[in-house]
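Architecture at a glance
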Amino acid sequence: GLLAENGEFSGSIILYAGENEVVFRSIKDFDYAHHYETVVYDTFPPQVSWRISDGLRKSFSSDNQTLSGSTSEKVKITIKTNDTTITNFTSDAGLFTKQFIFPSVSEGSEKDFFVTVEFEDLAGNIVSYDDSFKVDRKPPELEITTNLDEEFHNILATVEGKTEPN
């Protein structure tokens, strides 16, 4: 049904979700040739788990971080911060690790980042996750008051102070 007079052919076939076996067959008189292709029509996003650095903190003193995790299949991974792509790479199924750098945060300052991590499989299915992090390169504030002089003649000294929580 798809053959043109010059021997070329073209047409569309319907694929069903999951694995499809496509058979190409050419028949001439009582002889034939055939070719089989298996095509997977994938409608499900990849299964992934991921974390940035140790996965517990939301604030970092360094803009150099590590994305790590695992995926069920080969995926393209994109890390965006504040809608700007900062890195993308491809990972095979299994464990992955990738170093990346938050945009520069100068010493003595801090900046909040809205991060999107996007995983796209070979079929184009995408799953993405959003989170927020802070790069804090400001030293904590520290106030100290004591009753210490250059020469101190008491066995017990009083030290009081105040710093930032956590």
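Each remark here, short or long, concerns the structure printed above.
Residues numbered from 1 in each chain as written. Predicted model: local features only at pLDDT ≥ 70, side-chain atom pairs only at ≥ 80, totals over all residues. Heavy atoms only, no water.

Scanning the protein for helices and strands turns up zero helices and 12 strands. Traced from its N-terminal end to its C-terminal end, the protein shows the element sequence β-β-β-β-β-β-β-β-β-β-β-β. Against the compact-globule benchmark of 15 Å for 166 residues, the protein has a radius of gyration of 30 Å, which places it well outside the compact range. Considered along the principal axes of its C-alpha atoms, the protein spans approximately 115 × 25 × 20 Å. Counting every position in the protein, which comprises 166 residues, the buried fraction comes to 22%. Looking at the protein as shown, the accessible area adds up to about 12,500 Å², and 50% of this sits on carbon and sulfur atoms. Computed over 14 positive and 29 negative side-chain charges, the inter-centroid distance for the protein is 1 Å. (Helix = DSSP H or I, 4+ residues; strand = E, 2+ residues; numbered from the N terminus. Rg over C-alpha atoms; globule rule 2.2 N^0.38 Å. Buried < 20%, exposed > 50% of the residue type's maximum accessible area, 1.4 Å probe, protein only. Areas by Shrake-Rupley, 256 points an atom, 1.4 Å probe, with all protein chains shown as cover. Lys, Arg positive; Asp, Glu negative; His and termini not counted. Charge placed at Lys NZ, Arg CZ, Asp CG, Glu CD.)

Turning to the environment of I52, a few remarks are in order. Relative to the helices and strands, I52 resides in strand 3 (residues 48-52). For the pair I52 and E164, spaced 112 residues apart in sequence, the C-alpha to C-alpha distance is 24 Å. Not counting the four nearest positions on each side in its chain, I52 is found in contact with F60, Q65, T66, L67, F100, V115 and F133. (Contact = heavy atoms within 4.5 Å.)

Along the chain, D42 turns up in the loop between strand 2 (31-41) and strand 3. Notably, D42 is buried but unbridged: the nearest opposite-charge side chain belongs to K74, and the N-O separation is 13 Å. For D42, the contacting residues outside a window of four places in its chain are E73, D121, A123 and N125. (Salt bridge = Lys/Arg side-chain N within 4 Å of Asp/Glu carboxyl O.)

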